[in-house]
Amino acid sequence: MSATGQSSIKLDFSHVPNKPTTNEVIDFITGKLGISMIQVNRIHLRTSSFSCHVDIKEQSIALDIVEKNDGKHTIQCKGVEYPIPITMDDGSTIVKIHDASAQVTNTHIKNHMQRYGDVICVTEGVWSDAFACAGIPNGYRYVRMVIKKQIPSYIHINGETTLATHRGQQHTCRKCDHPVHHGMTCLSNRKLNSQKTNLMDRLKSYADVTTSGIQQKQNTLNTTTTTNTIPVEQPPQPQPGTSGLKFIPIKQTDAMTNDNSTVTETAVNLETNKGYRSRSPSVKRQAEKKLTDFITVESKRWRTRYTKSAEDKIIKGRRQSR
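Not measured: the values here are computed from a predicted model. The written sequence of each chain sets the order in which its residues are numbered from 1. At least 70 in pLDDT is required for a residue's local features to be given in this predicted model, at least 80 for side-chain atom pairs to be given and counted, and no such filter applies to totals for whole chains, interfaces and linings, which use all residues. Heavy atoms from the whole structure form the basis of all side-chain values; hydrogens and water molecules are not counted.

1. Quick word on the overall build of the chain
Here is step 1 of the chain: Scanning the chain for helices and strands turns up eight helices and 13 strands.
Here is step 2 of the chain: When each of the 322 residues of the chain is scored for burial, the buried share is 30%.
Here is step 3 of the chain: Sequence separation of 24 or more characterises 58% of the internal contacts of the chain that already satisfy a separation of 6 or more.
Here is step 4 of the chain: Only the protein chains shown count as cover for residues, with accessible areas throughout obtained via the Shrake-Rupley method and a probe of 1.4 Å. Counting only carbon and sulfur atoms, one obtains 53% of the accessible surface of the chain, whose full area is about 20,600 Å². Runs of E in the DSSP output that reach at least two residues are strands. Runs of H or I that reach at least four are helices, and both are numbered from the N terminus. A 1.4 Å probe rolled over the protein chains alone gives each residue an accessible area, and that area as a share of the maximum for its type sets the label: buried under 20%, exposed over 50%, partly exposed in between. A contact between two residues is defined here by any heavy atoms of the two lying within 4.5 Å.

Structure (structure tokens):
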């Protein structure tokens, strides 16, 4: 197709009951469309198809005319207003990409839009002469293509979500791409949000249960290990006497600690025994050493016995909690 054909626009009057006159068509082109004759190469009225084909010198101007005027102007016939479709002459449609950033190139857009039809070209819009920034790109992209598959209202290009519109498009939901509904009325979106909420609630409940279980086990362990007095069977204690050593009970102490006060208190009790005092210093020292060794061995034995019992209780409690 020639460059002229690529910039040709079509005005369709076929649905108007009475064919408009030539002057009415020219007035429509210059007046309602605002096309200057300087911008035009050719104006062709086709009687057989009741249409008018206008070749524009620049393709960007032709795309802008179609984008701004398609279906927005009418011709009156017998008191009824008939909108006039304005399209590209090759049957292509202008798809406007609204929200693509500068990181999304025209190549990205072209590659993505090819899944919906045959892409002819991608151009970037500019500010019009009505603004001080005339001629500067405005961020909108215009895809000229022959649509073969319905284009959803929201598409995803290069990781970005953008609105895509064209004439005759059926608007679709941003959440599920289904027509008719929008936003939070979307059942699929409500279902998805409900699933996310339920998942978060389950995770939170699991975290609470896990934290509670850990705290309960920690409290049980602290209660077990911080008890000051635990009733345990006390080993017999020797006491020297006139006729040899005798066993007397001593004050009960914490089995978990090696309290030196036990030895001291026993030694004091032995000092009050006459038979013990009557012995020589060497015999007295030997008796004290035997007594200290005996208490040390017995304390270790009973401490080991209690510790193993406490560990068994903790392990049993953990198994039951599972």
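More follows now that the structure is in view.
2. Considering the nonpolar core
Here is step 1 of the chain: One finds Ile 9, Leu 11, Phe 13, Phe 28, Ile 35 and Val 54 to be the most contacted residues of the largest nonpolar core, which totals 25 residues.
Here is step 2 of the chain: Broken down by element, the residue count for this core peaks at four residues, all from helix α3 (residues 59-69).
Here is step 3 of the chain: Excluding residues that lie within four positions of it along the chain, Phe 13 makes contacts with Pro 20, Val 25, Phe 28, Phe 50, Ser 51, Cys 52, Ile 75 and Ile 84.
Here is step 4 of the chain: Working definition of a nonpolar core: buried Ala, Val, Leu, Ile, Met, Phe, Trp, Tyr and Cys residues. They are joined through side-chain atoms within 4.5 Å. Residues Val 95, Ile 97, Ala 100 and Met 113 belong to the second largest nonpolar core, which totals 15 residues.

3. Focus on the sheet that holds strand β10 (residues 154-157)
Here is step 1 of the chain: Taken in spatial order, the five strands of this open sheet run β8-β9-β7-β11-β10, and their pairing is antiparallel. Every interior strand has two partners, whereas the edge strands, β8 (117-126) and β10, have only one. Across the sheet, the mean angle separating the axes of adjacent strands is 35° when strand polarity is ignored.
Here is step 2 of the chain: Direction of pairing for β8 relative to strand β9 (residues 137-147): antiparallel, over a ladder of eight bridges. We treat two strands as partners when DSSP finds at least two bridges between them. Only C-alpha atoms enter the line fits that serve as axes; for helices the fit covers just the stretch in contact. Angles between N-to-C directions range over 0 to 180 degrees.

4. Regarding a nonpolar patch on the surface
Here is step 1 of the chain: Residues enter patches when they are more than 30% accessible in relative terms and free of salt bridges; like-charged ones are connected within 9 Å and nonpolar ones (Val, Leu, Ile, Met, Phe, Trp, Tyr) within 5 Å. Only one rule defines a salt bridge in this text: a Lys or Arg side-chain nitrogen within 4 Å of an Asp or Glu carboxyl oxygen. Residues Trp 127, Phe 131 and Ile 136 make up a contiguous nonpolar surface patch of about 290 Å² in total accessible area.
Here is step 2 of the chain: Examined against the element boundaries, Ile 136 turns out to sit in the loop between β8 and β9.

5. Quick word on α3
Here is step 1 of the chain: Buried within α3 are the following residues: Ala 62, Leu 63, Ile 65, Val 66 and Asn 69. Projected down its long axis, α3 carries its buried residues within an arc of 160°, all on one side.
Here is step 2 of the chain: At the exit of α3 stands Gly 71, carrying a positive phi of roughly 75°. Throughout, the arc means that of the directions going from the helix axis to the C-beta atoms.

6. Regarding the pattern of salt bridges
Here is step 1 of the chain: Evaluation of the coordinates by the stated rule reveals five salt bridges.
Here is step 2 of the chain: Residue Lys 68 is joined to Asp 64 by a salt bridge in which the shortest nitrogen-to-oxygen separation is 3.2 Å. You can see Lys 68 and its partner Asp 64 sitting in helix α3, four residues apart, about one turn around the helix.
Here is step 3 of the chain: On the basis of relative accessible area, Asp 64 is assigned to the partly exposed category, the value being 32%.
Here is step 4 of the chain: When the shortest N-O distance is used, the salt bridge between Arg 167 and Asp 70 registers 3.1 Å. With a gap of 97 residues between them, Arg 167 in the loop between β11 (160-165) and α5 (187-225) and Asp 70 in the loop between α3 and β4 (74-77) connect regions that are remote in the sequence.
Here is step 5 of the chain: Among the residues examined, Asp 70 registers a relative accessible area of 14% and is labelled buried.

7. Thoughts on the pairing of strand β3 (residues 51-56)
Here is step 1 of the chain: Taking burial as the measure, the six residues of β3 include six buried ones, the bulk of the element.
Here is step 2 of the chain: Burial of β3 is two-sided: the residues Ser 51, His 53 and Asp 55 facing one way and the residues Cys 52, Val 54 and Ile 56 facing the other way are all buried.
Here is step 3 of the chain: Pairing between strand β2 (residues 40-46) and β3: six bridges, direction antiparallel. If you follow Leu 45 over to β3, its bridge partner there is Cys 52.
Here is step 4 of the chain: Turn length for the β2-β3 hairpin, with the two strands adjacent in sequence and antiparallel, is four residues, and the turn residue Phe 50 shows positive phi of about 50°.

8. Side note on unusual backbone geometry
Note: most residues except glycine have negative phi, and most peptide bonds are trans.
Here is step 1 of the chain: Even without being glycine, Phe 50 reaches a positive phi, approximately 50°.
Here is step 2 of the chain: As for its position among the elements, Phe 50 is in the loop between β2 and β3.
Here is step 3 of the chain: Here Lys 78, not a glycine, exhibits a phi torsion of approximately 55°, which is positive.
Here is step 4 of the chain: Assignment of secondary structure puts Lys 78 in the loop between β4 and β5 (80-83).
Here is step 5 of the chain: The class for Lys 78 is exposed, based on a relative accessible area of 72%.

9. Some points on the packing of aromatic side chains
Here is step 1 of the chain: To pair, rings of Phe, Tyr and Trp, with the six-membered ring standing in for Trp, must have centres within 6.5 Å; the planes then decide the type, stacked if under 30 degrees apart, edge-to-face if over 60, and tilted in the middle. Counting across every chain of the model gives two aromatic pairs.
Here is step 2 of the chain: Where Phe 13 meets Phe 28, the ring centres are 6.0 Å apart and the plane angle is 75°; that geometry is what we call edge-to-face. One end of the pair, Phe 13, is in the loop between β1 (8-12) and α2 (22-32); the other, Phe 28, is in helix α2, with 15 residues separating them in the sequence. For the residue pair Phe 13 and Phe 28, the accessibility class agrees, reading buried in each case.
Here is step 3 of the chain: Ring plane angle 70° and centroid distance 5.1 Å describe the contact between Trp 127 and Phe 131, whose orientation is recorded as edge-to-face.

10. Describing the side chain of Lys 96
Here is step 1 of the chain: Here Lys 96 is to be found in strand β7 (residues 93-97).
Here is step 2 of the chain: The convention is simple: Lys and Arg are positive, Asp and Glu are negative, and His and the chain ends are not counted. This buried residue, Lys 96, is left without a salt bridge; Glu 67 holds the nearest opposite charge, at 4.2 Å.
Here is step 3 of the chain: If we skip the residues at most four places from it in the chain, Lys 96 touches Glu 67, Tyr 140, Arg 141, Tyr 142, Leu 163, Ala 164 and Thr 165.

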